[in-house]
Amino acid sequence: MTSKFTELAIDCADPNGLARFWCAVLDYDVQDEDDGIVAIGPPTVLDATNHPGPVPPTLTFARVPEGKTSKNRLHLDVNPTDREQDEEVRRLLDLGARHADVGQTGDESWVTLADPEGNEFCVLASRRP
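Per chain, residue numbering runs from 1 following the sequence as it is written. Local features in this predicted model are restricted to residues of pLDDT 70 or higher, and side-chain atom pairs are both shown and tallied only at a pLDDT of 80 or more, whereas totals for entire chains, interfaces and linings draw on every residue. Water and hydrogen atoms play no part in the side-chain values, which are based on all heavy atoms of the structure.

Participant: Help me get a handle on the environment of Gly118, residues and values and all.
Facilitator: As for its placement among the helices and strands, Gly118 is situated in the loop between strand E7 (111-114) and strand E8 (120-123). Note on classification: 1.4 Å probe, protein chains only; a residue is buried when its accessible area is under 20% of the maximum for its type, exposed when over 50%, partly exposed between these limits. Overall, the relative accessible area of 11% leaves Gly118 in the buried class. Each C-alpha atom, one on Gly118 and one on Lys68, is 7.4 Å from the other, the two residues being 50 residues apart in sequence. In this analysis, two residues are considered to be in contact whenever any of their non-hydrogen atoms come within 4.5 Å of each other. Sequence-distant contacts of Gly118, defined by excluding residues within four places in its chain, comprise Lys68 and Arg98. Labels follow the DSSP assignment, with helices taken as runs of H or I lasting at least four residues and strands as runs of E lasting at least two, numbered in each case from the N terminus.

Participant: Could you give an account of the pairing of strand E2 (residues 29-34), naming the residues involved and the relevant values?
Facilitator: Bridge analysis of E2 against strand E3 (residues 37-41) gives 5 bridges, and the strand direction is antiparallel. Among the inter-strand pairings, Glu33 is bridged to a residue of E3, identified as Val38. At least two bridges found by DSSP between two strands are what make those strands a pair. Between E2 and E3, which pair antiparallel one after the other, the connecting turn spans 2 residues, and Gly36 there sits at a positive phi close to 80°.

Honestly, that's just the spatial picture; any functional story needs more than this.
Written out as structure tokens, the structure is:
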């Protein structure tokens, strides 16, 4: 048996605000809230222990006192599912994302954005269900 990727922990200043942003991006729901920690996940929660295939990961936002200081070493990539990349980028910008410069050349097929707390993520060109 191997391990499954089931959760990504994200340090932040405003767990509730960042959780709301990512719920809107991913069509996730808040699954748990506790003092300074908010967990979000897909509306239908799968039991990772009895599910043989991929399990959509939970994102957990935890309040920390220090701010982000440099480019993320790990980031999320998202795929539009029901619209083209440029339409999805506009939607995410309307939600509070902003363009991020991490040294792109301009020839990339993805668009690099940052969430409201500056965490970089990429919007890929291909649509996937």
